[in-house]
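Residue-level listing of the chains:
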Amino acid sequence: MIAPVKIAVFASGSGSNFQAIQEAIERGELHAKVELVVTDKPAAFVVTRAEKFGIPVLALNPKEFASKADYETAIIEALRECGVQWIVLAGYMRLISEVLLAAYPQRIVNIHPSLLPSFPGKDAIGQAIAHGVKVTGVTVHFVDEGMDTGPIIAQAAVAVIEGDREATEMAIHQQEHVLYTKALQQLLK
Ligand code: GRF
């Protein structure tokens with residue numbers, strides 16, 4: 001049997017996408033293994049989720065490093081120690097520099113809650129609502145040095161529920177969990 005693809009999930013917040021990926025793995029829908037959860041926010045809820053699944057967490061505070069290159073080099077060492085092959089960003093709120101990109105060329109993906117190239121950056125859902133669009137969505141893309149600019153892998157549309165940001169957010173997150181799993185199934189084959 002082919003060994004599962006070793007991945008690391010990077011997250012700075014709640015970690016619902018991480019959980020969706022891990023649950024897909026446990027249901028046998030994704031032939032992968034989350035070797036490590038990497039966070040720049042040791043108090044983030046993703047840490048609690050990872051612990052529940054018994055997945056090791058690397059929590060590093062970037063401010064404790066002399067440079068971003070040093071911070072990413074420390075991450076790369078940990079990734080190599082556990083043989084990580086792909087990096088899956090899921091709400092990781094930092095730009096990736098050329099240090100990490102060079103270590104994992106074409107092997108870093110991200111999910112963003114809009115139909116890129118519309119509404120890159122922070123609060124994409126708020127940006128879409130403020131713009132008055134009727135349809136927004138979700139994008140999975142390869143990561144480059146830009147902010148949500150890399151080649152697009154998969155997209156799905158989600159209707160904006162007028163006057164109800166919470167319901168719109170919920171619909172987007174539900175779609176994220178489905179789309180990320182599907183995209184990873186294809187990519188990690
Ligand atoms: C998601 O909306 C994702 O698209 C964006 O950050 C959010 C992370 O949510 N990049 P969660 O932490 O996975 O719940």
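Residues numbered from 1 in each chain as written. Predicted model: local features only at pLDDT ≥ 70, side-chain atom pairs only at ≥ 80, totals over all residues. Heavy atoms only, no water.

What follows deals with the site of the ligand. Around the ligand, the neighbouring residues are S14, G15, S16, N17, G91, I111, H112, P113, H173 and E176. In the model, an oxygen atom of the ligand is placed 3.4 Å from a nitrogen or oxygen of the S14 main chain. The protein chains hide 84% of the 370 Å² of surface that the ligand would expose on its own. Going through the elements one at a time, α1 (16–26), β5 (108–112) and α6 (165–187) are the ones with two or more residues in the shell around the ligand. Classifying every residue of the shell around the ligand gives two nonpolar, seven polar and one charged. (Near = heavy atom within 4 Å. Polar contact = N/O pair within 3.5 Å; in protein donor to acceptor, adjacent residues only side chain to side chain. Areas by Shrake-Rupley, 256 points an atom, 1.4 Å probe, with all protein chains shown as cover. Helix = DSSP H or I, 4+ residues; strand = E, 2+ residues; numbered from the N terminus. Nonpolar A, V, L, I, M, F, W, Y, C, P; charged D, E, K, R; others polar.)

Right, let's get into the pattern of salt bridges. This structure, assessed with the given rule, holds six salt bridges. Where K33 meets E35, a salt bridge forms, and the shortest distance between an N and an O atom there is 3.4 Å. We classify E35 as buried; its relative accessible area is 13%. Note that D123 is salt-bridged to R165, the shortest N-O span being 2.9 Å. Residue D123 is located in the loop between β5 and α5 (124–131), and its partner R165 is located in helix α6; the two are separated by 42 residues in the primary sequence. (Salt bridge = Lys/Arg side-chain N within 4 Å of Asp/Glu carboxyl O. Buried < 20%, exposed > 50% of the residue type's maximum accessible area, 1.4 Å probe, protein only.)

In short, shape yes, function no, at least from these values alone.
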